[in-house]
Amino acid sequence: MWPNLIRKAKEGGLDTIETYIFWNAHEPIRRQYDFNGNLDLIRFIKTVQHEGLSAVLRIGPYIFAEWNYGGFPVWLHNLPGVSFRTKNDVFMNEMQNSTTLIVDMVKKENLFASQGGPIILAQIENEFGNVMGPYGAGGKEYIQWCSNMAESLGVGVPWIMCQQQDAPKPMINTCNGFYCDEFKPNNPSSPKMWTENWTGWFKSWGGADPYRTAEDLAYSVARFYQMGGIFQNYYMASAFLINFLLKLL
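To start, this report covers the structure provided alongside it. (Residues numbered from 1 in each chain as written. Predicted model: local features only at pLDDT ≥ 70, side-chain atom pairs only at ≥ 80, totals over all residues. Heavy atoms only, no water.)

## Things to note about the environment of Val155
Selection rule: Numbering of helices and strands runs from the N terminus, with a helix taken as a DSSP run of H or I at least four residues long and a strand as a DSSP run of E at least two residues long. Buried residues are those whose accessible area, probed at 1.4 Å on protein chains only, stays under 20% of the maximum for their type, while exposed residues exceed 50% and partly exposed ones sit between those limits. Throughout, a contact is declared for two residues whenever any of their heavy atoms are within 4.5 Å.
Locating Val155 in the fold gives a position in the loop between helix 6 (136–152) and strand 4 (159–162). With relative accessibility at 3%, the residue Val155 sits in the buried group. Each residue touching Val155, except ones within four places of it in the same chain, is listed here: Val103, Lys107, Phe112 and Ser114.

Structural data, given as structure tokens:
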């Protein structure tokens, strides 16, 4: 399905595809990896490249609610002494191993823009700023470590951190939400980017079906660019949204 969907996205006016990296899918057993079939990350990125589109690699490795256990493999939970998303040597060692594995795979295929490839941005962590308060000093040290670790990998493209108002330089903090026109990066020299424009929302049990009109979505995008935005991502770009964009052309 990848080539057809990516081609339709391009025909609908999109020029970049974002993708998460699913740690628990690629490393279901510690140090045993799976990048076959539907998990073939390199093939996916090359399909994006073949259509002439750019890519954003959201390594995370935490994904939040979009994936079982936030994308963490179950074996990680069972490691002695592990504590997630804080200054913890056990966790940080595994996270660095996973992140380095992905980066090295992509580098080997020359897929970063710095190598002539389609990947223009990479992401480390994901919306940690929304929950970091209870982590205290350990959380702040962890975010600084994430920044240092990511930079040490030498990918040659900018790193972003979603929803991280204290993102250390040179990390670029970005906005996720229904509206991001009033968002301002914490570094005045950073570009204003919107990594998740929420085209819809989840349904609460017993609640009404959430619905966002196409007019409201279009207005939010126009307003964002009017207010200095330079990059926005439809989250998610469903078949419905792509068909809507095609009708506008």
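## Side note on the layout of surface pockets
Filter applied, for reference: A 1.4 Å probe that fits but cannot get out identifies a cavity on a 1 Å grid over protein atoms alone, an open set with protein on both sides within 12 Å along at least five of seven lines counts as a pocket, and a residue lines either if it has an atom within 4 Å of a point. Grid points are joined across faces, edges and corners, and a volume is the space filled by probe spheres set on the points. Each residue is assigned to one class: nonpolar for Ala, Val, Leu, Ile, Met, Phe, Trp, Tyr, Cys and Pro, charged for Asp, Glu, Lys and Arg, and polar for all the others, Gly among them.
The computed volume of the largest pocket comes to approximately 1,100 Å³. Taken together, 34 residues form the lining of the largest pocket, with Ile17, Glu18, Thr19, Phe44 and Met236 sitting closest to its centre. Residue assignment for the lining of the largest pocket shows that the elements contributing at least two residues are helix 1 (2–11), strand 1 (16–20), helix 3 (41–50) and strand 7 (231–235). Along the lines of polarity and charge, the residues of the lining of the largest pocket split into 21 nonpolar, eight polar and five charged. What the second largest pocket holds in volume is close to 340 Å³. The wall of the second largest pocket is formed by Phe64, Ala65, Glu66, Glu127, Glu196, Trp198, Thr199, Gly200, Trp201, Phe202, Tyr235 and Met236. The residue inventory of the lining of the second largest pocket, partitioned by class, reads seven nonpolar, two polar and three charged.

## Side note on the packing of helix 5 (residues 89–108) against helix 6
Condition: To get an axis, fit a line to the C-alpha atoms, keeping to the stretch in contact for a helix; angles then go from 0 to 180 degrees between the N-to-C directions. The labels follow the angle: roughly parallel below 35 degrees, roughly antiparallel above 145, roughly perpendicular from 65 to 115, and oblique for the rest. In this scheme the handedness of a crossing depends on how the near helix is turned from the far one: anticlockwise by less than a right angle means left-handed, clockwise means right-handed.
Axis separation between helix 5 and helix 6 bottoms out at 12 Å; the angle between their running directions is 30°. The angle between helix 5 and helix 6 places the two elements in the roughly parallel class. Considering how the two elements wind past one another, helix 5 and helix 6 form a crossing that is right-handed. Between helix 5, through Phe91, Met92, Met95, Gln96 and Thr99, and helix 6, the contact on the second element is made entirely by Tyr142, Trp145, Cys146 and Met149. The residue inventory of the contact of helix 5 with helix 6, partitioned by class, reads seven nonpolar, two polar and no charged.

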